[in-house]
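Structural features, examined
Letter by letter, the chains look like this.
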Amino acid sequence: WRIQQVARGTVRVEDARGQPPTIPFWLGEAPARSRELSAAVAELRGEVDERVEGGVLPSEAKEPSPNAWPLAVGPGDDPSRAQVLAYLAESRRMLGALPTQDTLIAERFFDESGGMQLVLHAPFGSRVNRAWGLALRKRFCRQFNFELQAAATEDAVLLSLGPQHSFPLETVFKFLHPDTVGDILVQALLDAPMFGTHWRWNTSIALALPRNRGGRKVPPQIQRMEAEDLLAAAFPDAAACLENIPGDREIPNHPLVRQTIDDCVHEVMDLDGLIAVLRRIHAGEIRCIARDLPEPSPLASEILNAKPYAFLDDAPLEERRTQAVYTRRATEPSSADDLGALDPAAIERVRDEAWPEVQSADELHDALLTSGFLTEAEGGAGRAGESWLGYWRELVEAGRAVRVTQADGRPALWVAAERAAELGQGSVRELFRGRLGILGPVTAAELAAPLGLPELEAGAALVSLEGEGVVLRGRFTPRPAGPAGDLEWCDRRLLARIHRYTLNRLRAEIEPVSAADFMRFLFAWQRVDPEHRVAGIEGLATVIEQLEGFELPAAAWEADVLSARCEEYEPMLLDTLCLTGRVAWGRVPAGQRAGGTGGPIRSTPIALCSRAHAGTWLAERAGAEDQELSSYAARVREVLDQRGAIFFHELVPASGLLTTQVEQALAELAGLGMVTSDGFAGLRALITPSSKRKPLGGRQRRHRTVPFGIESAGRWSLLKGGAQVPDTERLELIAHTLLRRYGVIFRRLLAREPGAPPWRELLQIYRRLEARGEIRGGRFVSGMSGEQFALPEAVGQLRAVRRQGPRGRLVALSAADPLNLAGIVTPGERVSALGRNRILYRDGVPVLALEGGEVRPLVLGEAEPSPELVQALVRKRLTPALRAHLGMSGVPAGSMLPGKRSARRRTKKAAASAHPTSASPPEVKHHEQQVLGHHGGPE
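Residues numbered from 1 in each chain as written. Predicted model: local features only at pLDDT ≥ 70, side-chain atom pairs only at ≥ 80, totals over all residues. Heavy atoms only, no water.

**Focus on the overall build of the protein**
Test applied: In DSSP terms, a helix is any run of H or I states spanning at least four residues, a strand is any run of E spanning at least two, and both are numbered starting from the N terminus. We call a residue buried when its accessible area falls under 20% of the maximum for its residue type, exposed when it is over 50%, and partly exposed in between, using a 1.4 Å probe and counting protein chains only. Residues count as neighbours in contact if any of their non-hydrogen atoms are within 4.5 Å of one another. Only the protein chains shown count as cover for residues, and the accessible areas themselves come from Shrake-Rupley with a 1.4 Å probe.
From N to C terminus, the protein includes 35 helices and 27 strands. The buried share of the protein, taken over its 939 residues, is 50%. Of all intrachain contacts in the protein linking residues separated by at least 6 positions in sequence, the fraction that spans at least 24 positions is 68%. Put simply, the protein shows about 43500 Å² of open surface, and 51% of that area lies on carbon and sulfur atoms.

Structure (structure tokens):
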């Protein structure tokens, strides 16, 4: 596009028709935050810090008043407040405090390349931080003779350190002195992009460069070249080769040069503000905290991902060392407490790896040359318990090693003959260099003890090694508090490995689980696992909330699904939820009439949902009014349309039909998804044969007659389409429901959700929820393609299931259950989702299926299942009350299969044809290993 300014305030934009751009790229500047806003941000952080430190949660349960704390969270508030509080609280947990204008925090951590990143948290605004970052960069360059990449934002300064930079972290606050920082900053800004930008600006304003030549505008790139030529003439040292300039570059007394430097120092940056901060630091008025971390804190994420305008050097984005930093969500449950500390197991692992392995006299000699010396106790027992005495005697006899005895009862030392002179000459630094390479984190006192040296002399040698970049100091392992008892030293190479192992352990916590582990998680998440079943009416309400909107065969809801999730399930619980207005039932969406007018058969798909969401789930009546109804159904529908909700005993005379005719009409309308009742007993009566139902106004005719009739259903009413629910609201409800149902959601799970919207529509909602921080995105289950999303609490439970490992637990489900994911999540064939079919899982692996009245294995091979597995497959535990409502009061508990024959006869038939094999044939084990994703024990 071509942009042309026609008049003041008027801009014309037209198609450039493929012409190349005429304005070259150069670095610009972003506007800085004001001092007042920076002070307000720091003050708010200080309030959060005080509340968290005082044990007061940074939220309020009551509705905040207009004069309440700005971050007080009340009912119905914007969730962004809670996100800010969680962000600051987790940052404080890692850093120990929150940075303010009275508390500065420096954190240092390793990146993937083995280098280190230093972040100085200073909420003084980008003007002060730019000056601080440029001056620190120049200071590091002069001290270590190494150029650094640096960046500065409103709240932090970043320095990308190399292997040469080893220094006590707490000293970074006093690297600059307020009396000399001005001269350092001037020398630093001469190479910064800002100097060239403001030089071109000033020369253009001063008319030192022509804007027009020969009646035509000078192109911008030509103006830039001419500005560089003018700079070389006015300020030769700025364009000269630095190899030919000893010391600092001399600033000429040129008005344009002085003006450019003044603009950079006092407009783009705030030198006076930096000097004031440094004076407060040197006077002890600002608290300075130094933290070495295994991973960056949440506050460091902003500057690690800063835009190019925050860079203080000219390295492009793709070459920044910050790209090698691995960051993850520090608000992740069950892992925030682990951040800020190295893994003790990683430290021990590195110590074991660094300790020399000796299998011969030559290897022992190499170990002595590398480590400097070994104590006699270390060599006599060895790290792993093996003795090196035989190898040692061989070296002594050959004159390749000597034993050095010490006074004061200290153990003798084993020293290679080549390094024996270092003990006599007191080469403590070289001896410590070798010892640190095999010991890992260690204190100065522990290093000095074998040699009998004063701790002060050992500390001086360690500081000398630190200046060479060989070692780093810090607090790496839990030690008792004291002046220096908790200060440790570690070889830089070993410390980088410890950090890497710590990160690997943390990342392993979020590695995707196998399909079998995911199924075991779902059994616990949906309360099918016996250890996680619910009880009572509130427990049943939570189960229905999870299964909301899922269509199941009407006969399977109580007999197979709810009873498998609730201990001592009784139909009265579901009736109570329905009659109190908390739960509704119906068909969603309205289906086509399945031939005849006999009403809903046992396999008619019916859904349960909350009454609050019934308008979304059950009110989709598109096309239902056009259905061809029988005369009975049309008459009952007309009465319900005229009189609204009505009891059954009122509906019969109002319609002028017989009782059986009204029942038939209601069955037809319910099967089409056009009516519902206040209680679930209405549906229960419609799917129960009339021969087993208690007659209206009469008493039970036989032993197996169910103790209810259609009159106990409450009121009957039409399911009418009310106010049109917006598509976005409906999609949001479905998206949240699927998350509650599975905990972890991905595209393949929609195969069991025929009424769900397309995945592409749900994907947009899940991405938006992830951006808000409400859910997690990532790879949680292996072998599943596409993006995956999970609730935060589900991630922690998924890890716990994986850590627990398989325990051989058997779980039998109806094939109509939502957890029939065989062939969808787990490999193998699918099992038809019919109420009569059943499926058996062992440790999340489907092993048996009852389909079409026959038991068949779901594993490789033709091995017959054992009688124990068949019995576990067909066993159904039903409470006496539920069996009575299902017309099974005369049948022994747990012995009835869906169908006409009892489970006992089917079990005997299957067992008679089965070979007397073990409960875990080889084919089953092979299939389980394929599903688990490994061979042998748990991951």
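**Focus: helix H2 (residues 79–95)**
Here is the rule: Here a helix's expected span is defined as the number of its residues, less one, multiplied by 1.5 Å.
The end-to-end C-alpha distance of H2 is 24 Å, a good match for the 24 Å that 17 residues give at a rise of 1.5 Å each. Among all positions in H2, only Leu85, Leu88, Glu90, Ser91, Arg92, Met94 and Leu95 are buried. Against helix H1 (35–53), strand E3 (103–110), strand E4 (116–121) and strand E9 (287–292) lie the buried residues of H2.

**So, H1**
For the α-helix, the turn length of 3.6 residues means that residues three or four positions removed from each other point alike. Our working definition: Directions from the helix axis toward the C-beta atoms define the arc.
Taking 1.5 Å per residue, 19 residues should reach 27 Å; H1 reaches 27 Å between its end C-alpha atoms and fits that length. Residues of H1 that are buried include every one of Ser38, Ala42, Arg45, Gly46, Val48 and Asp49, and no others. One side of H1 carries all its buried residues, which in axial view fall inside an arc of 165°. Residues Glu36, Glu43 and Glu50 are exposed on H1 and point more than 90 degrees away from its buried face.

**A closer look at the pairing of strand E25 (residues 838–842)**
So the rule is basically this: Strands pair, by our definition, only if DSSP identifies at least two bridges between them.
In terms of burial, E25 is a largely internal element, five of the five residues being buried. Burial of E25 is two-sided: the residues Arg838, Leu840 and Arg842 facing one way and the residues Ile839 and Tyr841 facing the other way are all buried. Two elements, strand E24 (residues 810–814) and E25, share five bridges in a ladder whose sense is antiparallel. Each bridged residue has a counterpart across the sheet, and for Ala812 the counterpart in E25 is Leu840. Pairing analysis gives five bridges linking E25 to strand E26 (residues 845–851), with the strands arranged antiparallel. Note that in E26 the partner of Tyr841 across the bridge is Pro846. Linkage of E25 to E26, two consecutive antiparallel strands, is achieved through a turn of two residues, within which Asp843 is found at a positive phi near 55°.

**Details of the packing of helix H3 (residues 126–144) against helix H4 (residues 181–189)**
To characterise two packed helices, one gives the angle between the axes of the helices and the distance between these axes. How we decide: Between the N-to-C directions of two axes lies an angle of 0 to 180 degrees, each axis being a line fitted to C-alpha atoms and, for a helix, fitted only over the stretch in contact. Throughout, the term roughly parallel applies to angles under 35 degrees, roughly antiparallel to angles over 145, roughly perpendicular to angles from 65 to 115, and oblique to all others. Classes in brief: Ala, Val, Leu, Ile, Met, Phe, Trp, Tyr, Cys and Pro nonpolar; Asp, Glu, Lys and Arg charged; the others, Gly included, polar.
The contact between H3 and H4 brings their axes to 8 Å, and the two run at 85°. By the angle between their axes, H3 is roughly perpendicular relative to H4. Along the contact surface, H3 presents Ala131, Leu134, Ala135, Lys138, Arg139 and Arg142, while H4 presents Val181, Ile184, Leu185, Gln187, Ala188 and Leu189. Here the residues of the contact of H3 with H4 are counted per class, giving eight nonpolar, one polar and three charged.

**Points about the side chain of Ser563**
Tracing the sequence through the fold places Ser563 in helix H22 (residues 556–565). In this structure Ser563 touches Trp557, Glu558, Tyr569, Leu878 and Leu882, once residues within four positions along its chain are discounted.

**A closer look at the packing of aromatic side chains**
Threshold: Only rings of Phe, Tyr and Trp enter the pairing, Trp through its six-membered ring, and a pair is recorded when the two centres are within 6.5 Å. The plane angle decides the type: under 30 degrees is stacked, over 60 is edge-to-face, the rest tilted. Note on geometry: a ring has a charge over it if NZ (lysine) or CZ (arginine) is within 6 Å of the ring centre and within 35 degrees of the ring normal.
For the structure shown, the criterion picks out nine aromatic pairs. With 5.9 Å between their ring centres and 25° between their planes, Phe518 and Phe521 make a pair best called stacked. Separated by three residues within a single helix, Phe518 and Phe521 lie in helix H20 (residues 515–525), roughly one turn from each other. Here Phe521 falls in the buried class, since its relative accessible area comes to 0%. Ring centres of Trp585 and Trp716 lie 6.3 Å apart, and the angle between their planes is 85°; on these two criteria the pair is classed as edge-to-face. Here the residue Trp585 occupies a position in strand E16 (residues 583–586), and Trp716 occupies one in strand E20 (residues 715–718), the gap between them amounting to 131 residues. For Trp585, a relative accessible area of 0% corresponds to the buried category. Linked through ring pairs, Phe518, Phe521, Trp525 and Phe746 together constitute an aromatic cluster. Sitting over the face of the ring of Phe311, Arg320 holds its NZ or CZ atom 3.8 Å from the ring centroid. Lying across the ring of Tyr501, Arg500 places its NZ or CZ 5.9 Å from the centre.

**Concerning the environment of Asp179**
Spelled out, the test is: Between N or O atoms, a polar contact is any pair within 3.5 Å; within protein, one atom must be a potential hydrogen donor and the other a potential acceptor, and residues adjacent in sequence are included only when both atoms are from side chains.
Along the polypeptide, Asp179 turns up in the loop between strand E6 (156–161) and H4. Relative accessible area serves as the criterion here: at 56%, Asp179 is assigned to the exposed category. When the C-alpha positions of Asp179 and Leu278 are compared, they lie 9.3 Å apart, and in sequence the two are 99 residues distant. Engagement of the side chain of Asp179 in a polar contact is seen with the side chain of Arg279, the distance being 3.4 Å.

**Quick word on unusual backbone geometry**
Residues other than glycine seldom take positive phi values, yet Arg527 does so here, at roughly 65°. Within the element layout of this structure, Arg527 appears in the loop between H20 and helix H21 (536–546). Accessibility expressed as a relative area gives 32% for Arg527, which makes it partly exposed. Positioned with a positive phi, Asp843 is a non-glycine residue whose angle comes to about 55°. Residue position: Asp843 is located in the loop between E25 and E26. Given the relative accessible area of 12%, Asp843 is considered buried.

**Digging into the sheet that holds E24**
Here we have four strands laid out as an open sheet, ordered E24-E25-E26-E27, and antiparallel in their pairing. The sheet is open, and its two edges are formed by E24 and strand E27 (854–857), each paired on a single side. The average angle at which neighbouring strand axes cross in this sheet is 20°, direction not considered. Sitting on the sheet, helix H32 (residues 867–874) is in contact with E24, E25, E26 and E27, with an inclination near 120° to E25.

**Regarding the nonpolar core**
Counted only if it meets this: By nonpolar core we mean a set of buried residues, namely Ala, Val, Leu, Ile, Met, Phe, Trp, Tyr and Cys, connected to one another through side-chain atoms within 4.5 Å.
Of all hydrophobic cores here, the largest spans 112 residues; its most connected members are Phe518, Trp716, Tyr766 and Val825. If we skip the residues at most four places from it in the chain, Tyr766 touches Ala735, Leu738, Leu739, Ile745, Trp759, Ile775 and Phe789. If you look at the next biggest cluster of nonpolar residues, it comprises 74 residues, including Phe110, Trp132, Phe173 and Leu312.

**Description of the pattern of salt bridges**
Our working rule: One side-chain nitrogen of Lys or Arg within 4 Å of one carboxyl oxygen of Asp or Glu is enough to make a salt bridge.
What the rule picks out here adds up to 44 salt bridges. Arg280 serves as the salt-bridge partner of Glu285, at 3.8 Å between the closest nitrogen and oxygen. A residue is classified by how much of its surface remains accessible, and Arg280, at 24% relative accessible area, is partly exposed. One salt bridge in this structure joins Glu638 and Arg635, with 3.5 Å as the shortest N-O distance. Taken together, the residues Glu638 and Arg635, both in helix H25 (residues 631–643) and three residues apart, mark about one turn of the helix. Through salt bridges with shared partners, one network takes in Arg33, Arg45, Glu154 and Asp155.

**Considering the confidence of the model for the protein**
We count it as follows: Each residue gets a pLDDT score, which is the predictor's confidence in that residue and runs from 0 to 100.
When the pLDDT values of the protein are averaged, the result is 79; 79% of them are 70 or greater. Within the protein, helix H35 (residues 922–932) has the poorest average pLDDT of any element, 44, and helix H9 (residues 271–282) the best, 95. Confidence drops under a pLDDT of 50 for residues 890–939, and excluding neighbours within four residues, the segment shows 94 contacts in the predicted structure.

**Some remarks on the environment of Arg803**
Relative to the helices and strands, Arg803 is located in helix H31 (residues 792–804). Taking the C-alpha atoms as reference points, Arg803 and Asp517, separated by 286 residues in sequence, lie 9.7 Å from one another.

**A few points about the state of the cysteines**
How we decide: Any two cysteine sulfur atoms within 2.5 Å of one another count as a disulfide.
Inspection of the entire model under this criterion finds zero disulfides. Cys578 supplies the cysteine sulfur nearest to Cys609, a cysteine that is in no disulfide, at a spacing of 9.5 Å.

**Thoughts on the sheet that holds E6**
Ordered in space as E5-E6-E4-E3-E9, the five strands form an open sheet in which the pairing is mixed. Of all strands in the sheet, those with a lone pairing partner are strand E5 (149–152) and E9, marking the two edges. Put simply, the sheet's adjacent strands are angled 15° from each other on average, direction ignored. As paired elements, E5 and E6 share four bridges and run antiparallel to each other.

**Topic: the environment of Trp617**
One can find Trp617 in helix H24 (residues 614–617). Separated by 31 residues in the primary sequence, Trp617 and Gly586 place their C-alpha atoms 8.8 Å from one another. In this structure Trp617 touches Glu548, Gly549, Val588, Cys609, Leu733, Ile734 and Thr737, once residues within four positions along its chain are discounted.

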